[in-house]
Amino acid sequence: MAEKWRQAIGKIRKGLAIKNAEDNGPTKKDQASSDTLFDGEQPTLEEIRSWGKSFDKLMRSPSGRKAFREFLRCEYSEENILFWLACEELKKETNPEAIEEKARFIYEDYISILSPKEVSLDSRVREIVNRNMVEPTPHTFDEAQLQIYTLMHRDSYPRFINSPQFKTLAQIPDGVSASGSTAESPSN
């Protein structure tokens, strides 16, 4: 497990050119990096640190979602964010045939008990999805998506913001939590 963490941190460090909050230029630490973990605009240090204060901000940020996805991959729970992203794509669809096709793919990939990427849903939500699959719409998976979003928020997100990966991205020193408070050392 520790090796997986080191690999993920190495990938993030190698690929991320964080813009410094003061000068909006790349940090000295990452200037030589030409590869990038993130597509498009690089997040500022201020934006990265905001992910540690709000799960919603993290999930609204394409760069934040990529960093969180990398963390979930290390925790063997990447299917949660992949399902959430697939649901977001389905909501953008307007063509009825495409909606039905995408909904079937999402069902087979993430809802079916036969899928290796099955997400964890309670029986009530699973039944709602099964009823909705009779005539799929862009909102077929809304209840399931909310349940997975809540699961990631309550379960994975606290571990992410306290992880070495996030602290490295946010340039938070050891012994300081993502919220900025200093961890007290136990007294003897």
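Here, every reference points to the structure presented above.
Parameters at a glance
Residues numbered from 1 in each chain as written. Predicted model: local features only at pLDDT ≥ 70, side-chain atom pairs only at ≥ 80, totals over all residues. Heavy atoms only, no water. Helix = DSSP H or I, 4+ residues; strand = E, 2+ residues; numbered from the N terminus. Buried < 20%, exposed > 50% of the residue type's maximum accessible area, 1.4 Å probe, protein only. Contact = heavy atoms within 4.5 Å. Salt bridge = Lys/Arg side-chain N within 4 Å of Asp/Glu carboxyl O. Phe/Tyr/Trp six-rings, centres within 6.5 Å; stacked < 30°, edge-to-face > 60°.

Visitor: It is not clear to me how the side chain of Ser156 should be interpreted in this structure. Could you clarify?
Guide: As for its position among the elements, Ser156 is in helix α8 (residues 142-161). Classification of Ser156 as buried rests on a relative accessible area of 3%. Those residues in contact with Ser156 that sit more than four places away from it in its chain are Phe68, Phe71, Leu72, Glu75, Ser77 and Leu151.

Visitor: Which parts of the structure should I look at to understand the pattern of salt bridges?
Guide: Pairs can form between side chains of opposite charge whenever their charged atoms are close. Taken as a whole, this structure holds 13 salt bridges when the rule is applied. Its salt-bridge partner being Glu75, residue Arg159 comes within 2.7 Å of it at the nearest N-O pair. With a gap of 84 residues between them, Arg159 in helix α8 and Glu75 in the loop between α4 (62-74) and α5 (78-92) connect regions that are remote in the sequence. Using a relative accessible area of 35% as the deciding quantity, one classes Arg159 as partly exposed. For the salt bridge of Arg159 with Asp155, the shortest nitrogen-to-oxygen distance reads 3.1 Å. Of the two residues, Arg159 and Asp155 are both situated in helix α8; the distance of four residues between them amounts to about one turn of the helix. Assessed through its relative accessible area of 37%, Asp155 is described here as partly exposed. Through salt bridges with shared partners, one network takes in Arg69, Glu70, Arg73 and Glu78.

Visitor: Mind showing me how you'd approach the packing of aromatic side chains here?
Guide: Both the distance between ring centres and the angle between the ring planes are used here to describe each pair of aromatic rings. The final tally for this structure, using the stated rule, is ten aromatic pairs. An angle of 80 degrees between the planes, with centres 5.7 Å apart, marks the rings of Phe55 and Phe68 as edge-to-face. Of this pair, Phe55 sits in helix α3 (residues 55-60) while Phe68 sits in helix α4, placing them 13 residues apart in sequence. In this structure, Phe55 and Phe68 share a single accessibility class: buried. On the numbers, 5.3 Å between centres and 55 degrees between planes, the contact of Phe160 with Phe166 is tilted. According to the relative accessible area criterion, Phe160 is buried, its value standing at 1%. Among the aromatic residues, those joined into a cluster by ring pairs are Phe55, Phe68, Phe71, Trp84, Tyr149, Tyr157, Phe160 and Phe166.

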